[in-house]
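Chain and residue survey
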Amino acid sequence: MKRQTIKSLLADYKKVLHHDITVQGWVRAFRSNRFIALNDGSTINNLQVVVDFESFDEETIKNIKTASSLKIVGEVVESQGAGQNIEIIAKKIEILGDNFSEDLEKTVLQPKKHSLEVLRDQAHLRFRTNLFSAVFRIRHAISFAIHKFFNDGEFFYIHTPLITGADAEGAGEMFSVTGFDLNEVPRTEDGSVDYESDFFGKKTSLTVSGQLNVETAMMGLGRVYTFGPTFRAENSNTTRHLAEFWMVEPEVAFNDLEDNIDLAEDFLKFVISYVLENCKDDLEFLDKRFAEEQKQKPEKDRAKEGLIEKLENVVKKRFMRVSYSEAIEILMNSKENKKGKFQFPVEAWGCDLQSEHERYLVEKHFESPVVLFDYPAEIKAFYMKLNEDGKTVRAMDVLFPGIGEIIGGSQREEKLSVLKAKMEKMKVDEHELWWYLDTRKFGSVPHSGFGLGLERLVLFITGMTNIRDVIPFPRTPKTAEF
Ligand code: ATP
Ligand code: MN
């Protein structure tokens, strides 16, 4: 007898109607000692199994509890009840593993509402809830759609290293990687750490971005992307920052800033459309949850659109494209700024934008995703292309409602002399990045790329609000359990 997933069974049950089949899964609920809601993770929908207790011994019935793992053989019949097309009339039930009831009572597997905080403390069990299984199925679909978008667009997937020897990649604070016993760190005569005797013979760190490496691949393969874990040692305990997160970074030869913005917009719309088309059941579940959440909020803080509606609108609308200078004007003249409502007042051209400013632009002023471009050179990384005005760079950030920055990117500086001058000014060691500079020496070309934080996109699509709830095992300051 062939076993199939509950998803494929529910989608295509006509062939097996009135036949015996085998299904395996976990008990989500067991009602009236008669109806088992069985789930195997393939879909948010449960399969109803009808247990006629006269056909089974008492012991078996007693051992069917929430979370029990079962193998069931039974006949597929049309369902009498509302809410499902079919059900299984159980003929054989095998309990596959134990359930330790006392321990079970302390877990989030208990069928009642648990707070997201409690679920986070049991991150190893939360996959077994409706909410988190939906989130992680969607995270999978997003990842798949990302690869599909690039593969269809003739990009090549490059695996860039996680351990880097570059001290400053221009994107943030780094974690050190060492083979030293930290109690006995070898030192040179002048008392500083003797990195030469360390594992790699030099100071190494976990990468903050794969960009510099992927740029070298771009010089040979044209259109490339990297998609992997990145690390930031910033102590920013926010709902949008992780110490370990996944970043998607395309890099395209011959693309200028406008091409880059077009690519980012097409890319985001493709991935969102893919999820809208392929994750309907999970999205509908999350849409309902989102609506419930809004009801708990004071009227003025409620979202104007439902979750699915929001996603559909993002796909439909063209993103607003606004220069940094225009954005600063808007922010300086805003009521919020004048009344001192921003935590960080916007005082002059040149200041870095905080998330509250980004969200004001997106949620209040434009009511649309916004792409800001041409930022002051001082607040952006050394590799961004300097504009003719000599004070702004060809940077672009894509800002999303509820999230703020979801993508950061730029056209890169392709002129060796300008790049070197920038590195000197920003104290980036030229010798350490000698290999990167070679991209500008031999057939240098205009090129552009960006970085998308995968989790920020998962947040946006699922309507979750804390980034810790869209990555299986979050790494944040003071937490690295599991
Ligand atoms: P932010 O200003 O939000 O801290 P950033 O400017 O430091 O972000 P970039 O270096 O431009 O970020 O990284 C590219 C993208 O990676 C960002 O647009 C964002 O989506 C994501 N990202 C950056 N830092 C984090 C983080 N700590 N956790 C999760 N995602 C992040
Ligand atoms: Mn950025």
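Read on for an overview of the structure. (Residues numbered from 1 in each chain as written. Chains lettered and ligands numbered in written order. Predicted model: local features only at pLDDT ≥ 70, side-chain atom pairs only at ≥ 80, totals over all residues. Heavy atoms only, no water.)

**Re the overall build of the chain**
Threshold: Each helix is a run of DSSP H or I of at least 4 residues and each strand a run of E of at least 2, with the numbering of both proceeding from the N terminus. Accessibility here uses a 1.4 Å probe with only protein chains present; expressed as a share of the type maximum, an area under 20% marks a residue as buried, one over 50% as exposed, and anything in between as partly exposed. The contact definition used throughout considers only heavy atoms, calling two residues in contact when any of these lie within 4.5 Å. In this description, accessible areas are obtained by the Shrake-Rupley approach with a 1.4 Å probe, and a residue is regarded as covered only by the protein chains that are shown. For the charge count, each Lys or Arg is scored as positive and each Asp or Glu as negative, with His and the chain ends excluded. In this description, the location of a charge corresponds to atom NZ of lysine, CZ of arginine, CG of aspartate or CD of glutamate.
Summing up its helical and strand segments, the chain has 15 helices and 16 strands in all. Projected onto its principal axes, the C-alpha coordinates of the chain cover approximately 85 × 60 × 45 Å. The burial tally for the chain puts 49% of its 482 residues in the buried class. A separation threshold of at least 6 residues defines the contact pool for the chain, and within that pool the share at least 24 residues apart is 68%. Per element, the accessible surface of the chain, about 24600 Å² overall, is 50% carbon and sulfur. Charge-centre separation for the chain: the mean point of 64 positive side chains lies 5 Å from the mean point of 78 negative side chains.

**Let's talk about the packing of helix H7 (residues 257-278) against helix H15 (residues 454-462)**
What counts, and what does not: Interaxial angle, 0 to 180 degrees, is taken between N-to-C directions of lines fitted to C-alpha atoms, where a helix line uses only the stretch in contact. Should an angle fall under 35 degrees it is called roughly parallel, over 145 degrees roughly antiparallel, and 65 to 115 degrees roughly perpendicular, with every other angle called oblique. Should the near helix be turned counterclockwise from the far one by less than a right angle, the crossing is left-handed, whereas a clockwise turn marks it as right-handed.
Across the interface, H7 lies against H15 with an axial gap of 11 Å and an inter-helix angle of 45°. By the criterion of interaxial angle, the relationship of H7 to H15 is oblique. Viewed along their axes, H7 and H15 form a crossing whose handedness is right-handed. Where H7 approaches H15, its residues Leu268, Val271, Ile272 and Val275 are matched on the opposing element by Leu457, Phe460 and Ile461.

**Quick look at the site of ligand 1**
To keep things clear, this is the line we draw: We call a residue near a molecule or strand whenever a single non-hydrogen atom of that residue lies within 4 Å of it. By the criterion applied in these results, polar contacts are pairs of N or O atoms within 3.5 Å in which, for protein atoms, one can donate a hydrogen and the other can accept it, and in which residues neighboring in sequence qualify only through two side-chain atoms. Three categories are distinguished: nonpolar for Ala, Val, Leu, Ile, Met, Phe, Trp, Tyr, Cys and Pro, charged for Asp, Glu, Lys and Arg, and polar for the others, with Gly belonging to the last.
In the neighbourhood of ligand 1, 15 residues make up the surrounding shell, with His241, Leu242, Glu405, Ile406 and Arg456 lying closest. In this structure, Arg232 approaches ligand 1 through a side-chain N or O atom, which is 3.1 Å from an oxygen atom. Between ligand 1 and Gly453, the relevant distance is 3.1 Å, taken from an oxygen atom to a main-chain nitrogen or oxygen of the residue. Coverage of ligand 1 by the protein amounts to 81% of the 580 Å² it exposes when considered alone. Breaking the shell around ligand 1 down by element, the ones donating at least two residues are strand E11 (244-253), strand E15 (404-411) and strand E16 (447-453). If one sorts the elements of the shell around ligand 1 by residue count, E15 sits on top with 4 residues. Residues that form the shell around ligand 1 fall into these classes: 7 nonpolar, 4 polar and 4 charged.

**Some words on H15**
Owing to its 3.6 residues per turn, the α-helix brings residues three or four apart onto one side. Most of H15 sits inside the fold, with 9 of its 9 residues counted as buried. Every buried residue of H15 is listed here: Leu454, Glu455, Arg456, Leu457, Val458, Leu459, Phe460, Ile461 and Thr462. Of the residues trailing H15, Gly463 is marked for its positive phi of about 75°.

**Quick word on the sheet that holds strand E4 (residues 69-78)**
Hydrogen bonds along the backbone pair up the strands of a sheet, which may run parallel or antiparallel. Formally: A pair of strands is treated as paired once DSSP finds two or more bridges between them.
As summarised here, the arrangement of the 5 strands in space is E1-E2-E3-E5-E4, forming a closed barrel in which the pairing is mixed. Taking each pair of neighbouring strands and ignoring which way they run, the sheet shows an average axis angle of 55°.

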